[in-house]
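Here is what each chain is made of, one letter per residue.
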Amino acid sequence: MTGVKTCALPIYLKLQMIPQMAISGRVTDDRGEPIQGVVVNLYSSPVVDGERRIQSVEGQDTNDLGNFRFRGLRPGHYFVCAESHQGFPASPPLRPYAGACYPGPPNENDAGISLAPGVEQRIDMTLSPTELVSVEGKVIGATEGVIVGVLPQGQRWFQLPNHVAKVGRDGTFTISDLAPGSYDLVAGLRADEMSGATPVTVGSSGLRGVTLHMDEGVSLPVRIRSVSNQGNDQG
């Protein structure tokens, strides 16, 4: 057949663009001065299989103006935590600071910040100076190579402990450079595989006389049978 022309029908695609979202802010000290070098972590709290879960998204350090900014986020719920206790102000001397989270410590019972499409949420945080203390104790029944660490209370399932100590041959340990607060005490053979979380409160004079009793024959994960503490001055 000749003289017949054919043409392809146009195909129209409809693309829906979702505006990007961001969370930004500034970290200052009790005098209003910016704090540089504070580790700020972002956590999401999606609902998975009908249960709210806490997930680590990303982290960054504040710049010399104390600023941070998380961009390219999706709609959802978030927590922001200034984790570092040893940031430093734009001008010396070095000062340790207690950490803080907004709107509060990440936990499965709180949805956190609701972030809608196209929104940039501003969060400014003020950290208070603190004295750093230590946690001292002994592990009964510890196997060789056991380490003990602490995490901010309620964050043990999605964050590695940044304060750890190796248990000595006599079972003793000392975890140093902690800000007073509420923590979960964990133990294990590796920092990324620690368990046996036990709540402890560290006061202004630290925590001494902690005794961990580990089940005999337990290697990994470690299971703490009981914990007792003496001599805790909560200030």
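Residues numbered from 1 in each chain as written. Predicted model: local features only at pLDDT ≥ 70, side-chain atom pairs only at ≥ 80, totals over all residues. Heavy atoms only, no water.

**Digging into unusual backbone geometry**
Backbone phi values are negative for most residues with the exception of glycine, while trans is the configuration of most peptide bonds. Following Tyr102, the chain continues into Pro103 via a peptide bond in cis, with omega recorded as 0 degrees. Structurally, Pro103 is set in the loop between strand 10 (100–102) and strand 11 (113–115). Of note, the phi angle at Asp49 is positive, near 55 degrees, even though the residue is not glycine. When you line up the elements, Asp49 lands in the loop between strand 4 (47–48) and strand 5 (51–52). Take Asp49: its relative accessible area is 75%, and that puts it in the exposed class. Positive phi outside glycine occurs at Asp177, with the angle close to 60 degrees. (Helix = DSSP H or I, 4+ residues; strand = E, 2+ residues; numbered from the N terminus. Buried < 20%, exposed > 50% of the residue type's maximum accessible area, 1.4 Å probe, protein only.)

**Some details on the pairing of strand 3 (residues 39–44)**
Burial of strand 3 is extensive: 5 of the 6 residues sit out of reach of the surface. Here strand 3 runs beside strand 6 (residues 55–61); their pairing, made up of 6 bridges, is antiparallel. Following the sheet pairing, Ser44 is matched in strand 6 by Gln55. As paired elements, strand 3 and strand 8 (residues 76–82) share 5 bridges and run antiparallel to each other. Bridge pairing in strand 8 links Val40 to Ala82. (Pairing = 2+ DSSP bridges.)

**A word on the sheet that holds strand 1 (residues 21–28)**
Each strand in a sheet pairs with another by means of backbone hydrogen bonds, the pair being arranged parallel or else antiparallel. Ordered in space as 7-1-12, the 3 strands form an open sheet in which the pairing is mixed. Because the sheet does not close on itself, it has two edges, and the strands there are strand 7 (67–73) and strand 12 (120–126). Recorded for the sheet is a direction-independent mean angle of 15 degrees between the axes of neighbouring strands. Strand direction decides the pairing type here: strand 1 and strand 12, joined by 7 bridges, are parallel. Opposite Ser24, over in strand 12, you have Arg122 as the bridge partner. (Axes fitted to C-alpha atoms, helices over the stretch in contact; angles between N-to-C directions.)

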